[in-house]
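Chain residues, written in single-letter form:
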Amino acid sequence: AVRSEGGRWEDFIRFEGNANAFRLLTHRFEGRRPGGFALTYSTLASIVKYPYSSLSAGGKNKFGYFATEEETFAEIAQHLGILRLQDSPHVYARYPLVFLVEAADDICYQIMDLEDAYKLRIISYEEVSLLFMSFLDTEEQDTSREVLHSIEDRNERVAYLRSRVINHLTEACGKAFLEYEPEIMTGEFRSPLVAVIPEAEAYKAASRYAYKHIYTAQDVVDVELAGHRVFSEIIERMMHALMHPDNAYSRTFLNRVSSQYNIHEKTTYGKIQCTLDYISGMTDLYALDLYRKITGMNLPFA
């Protein structure tokens with residue numbers, strides 16, 4: 001149905017946070033002003049890590065915008081002079097500042113995941129300390145050890161190391177950006193900045209460790225499985241309501257959906273997108289509360 005309506009099923013094969021972020025910032029939701037959050041073109045272009053549609057994803061499930069925002073990105077690209085690398089479907093070079101935003105993203109998520117894992121007792125103090133120290137040179141390690149001797153609380157010690165590593169990686173990525181600026185400006189540079197800094201091997205080692213010991217930990221997997229169940233249930237009920245809006249249950253369900261979401265979309269593509277808009281705007285706690293209520297696990301009068 002999506003393809004027959006001229007939509008792209010590729011947009012929805014897997015949830016794509018990059019494209020969803022661009023939509024949230026630029027789409028005019030019901031009752032809202034034109035232009036979404038009305039951010040500058042430069043700011044918007046800086047978050048598009050994959051400047052092409054799902055048609056050019058090549059099975060990697062990474063792309064920068066949905067079909068509904070394709071014209072918006074094309075307008076931004078034209079205004080900023082972003083290079084077009086391919087026509088039909090369009091593939092653009094990254095806007096230069098994307099590399100800095102991506103580096104900030106890579107640094108914070110990887111390093112803070114290690115700290116969070118320690119706080120959740122998934123990994124030990126010795127393990128997280130060793131991983132953090134691997135990012136620092138000998139002089140910085142010596143300085144860090146001197147400071148750590150004055151800190152008794154282990155949580156504070158880990159926080160100190162985390163901040164030091166983030167600062168170190170930030171400076172390294174800044175230097176790499178300046179070093180590769182000519183290639184970045186011509187669209188020839190394609191690598192994440194964290195992959196070309198001297199600390200690249202330490203970053204890769206930390207990433208491998210996280211995938212082996214953190215993301216596969218039982219508590220983490222249990223939360224992921226529960227989340228899959230919660231969101232699958234909400235998606236199914238929302239789509240059923242949108243596809244059968246005259247049903248009594250559907251009317252009741254849709255009555256609780258915020259008015260900013262267009263529940264009157266006519267196409268299947270539009271209905272799926274409305275569902276994703278609704279769910280991606282939820283916090284974890286809100287989604288869990290909604291799941292409990294619609295499944296009867298937590299009734300209002302209970």
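Summarised in this report is the structure supplied together with it. Quick caveat: nothing in here was measured; it's all calculated off a predicted structure. (Residues numbered from 1 in each chain as written. Predicted model: local features only at pLDDT ≥ 70, side-chain atom pairs only at ≥ 80, totals over all residues. Heavy atoms only, no water.)

### Considering the overall build of the chain
Check the secondary structure of the chain and you find 13 helices and 2 strands. Across its three principal directions, the C-alpha atoms of the chain cover 70 × 55 × 35 Å. Each of the 302 residues in the chain was classed as buried or not, and the buried ones make up 41%. Within the chain, residue pairs in contact and separated by at least 24 positions form 66% of the contacts whose partners lie at least 6 positions apart. When the accessible surface of the chain is summed, it comes to about 17300 Å², and 53% of that surface belongs to carbon and sulfur atoms. (Helix = DSSP H or I, 4+ residues; strand = E, 2+ residues; numbered from the N terminus. Buried < 20%, exposed > 50% of the residue type's maximum accessible area, 1.4 Å probe, protein only. Contact = heavy atoms within 4.5 Å. Areas by Shrake-Rupley, 256 points an atom, 1.4 Å probe, with all protein chains shown as cover.)

### Here's the deal with the environment of R84
Examined against the element boundaries, R84 turns out to sit in strand β1 (residues 84–86). Separated by 10 residues in the primary sequence, R84 and R94 have C-alpha atoms spaced 9.4 Å apart. A distance of 2.9 Å separates polar atoms of two side chains, one belonging to R84 and the other to D87. (Polar contact = N/O pair within 3.5 Å; in protein donor to acceptor, adjacent residues only side chain to side chain.)

### A few points about helix α7 (residues 154–179)
Across its 26 residues, α7 extends 37 Å between first and last C-alpha, which sits within 8% of the 38 Å expected from 1.5 Å per residue. Regarding α7, the residues found buried are V158, A159, Y160, L161, V165, I166, H168, L169, A172, C173, A176 and F177. Looking at the buried positions of α7, the neighbouring elements they touch are α4 (98–119), α5 (125–133), α6 (138–148) and α8 (181–185). The distance from a side-chain oxygen at the start of α7 to the backbone nitrogen of N155 is 2.9 Å, and the residue carrying that oxygen is D153. (Expected span 1.5 Å × (residues − 1).)

### What to know about the pattern of salt bridges
Should their charged atoms come close, side chains of opposite charge can pair. Applying the stated criterion across every chain, the model contains 14 salt bridges. We note a salt bridge from R23 to E69, for which the minimum N-O separation is 2.8 Å. Taken as a pair, R23 in helix α1 (residues 17–26) and E69 in the loop between α2 (41–45) and α3 (70–80) lie far apart in primary sequence, 46 residues in all. Neither R23 nor E69 differs from the other in exposure class; each is buried. The residue K204 makes a salt bridge to E201 at a minimum N-O spacing of 3.7 Å. Of this pair, K204 and E201 both sit in helix α9 (residues 200–214), 3 residues apart, which is roughly one turn of that helix. (Salt bridge = Lys/Arg side-chain N within 4 Å of Asp/Glu carboxyl O.)

### As for the side chain of N18
Along the chain, N18 falls in helix α1. N18 gets classed as buried once you look at its relative accessible area, which sits at 17%. Polar side-chain contacts of N18 include one of 2.4 Å to the side chain of E16. With residues up to four places along the chain from it excluded, the contact list for N18 reads K49, Y50, K62, F63 and G64.

### Quick notes on α6
Within α6, the full set of buried residues consists of E140, Q141, S144 and L148. The buried residues of α6 occupy an angular sector of 100° when the element is viewed end-on, so they sit on one face. Opposite its buried face, α6 presents the exposed residues T138, E139 and E146, each directed more than 90 degrees away. Structurally, the start of α6 carries an N-cap: the backbone nitrogen of E139 is 3.3 Å from a side-chain oxygen of D137. (Arc of directions from axis to C-beta.)

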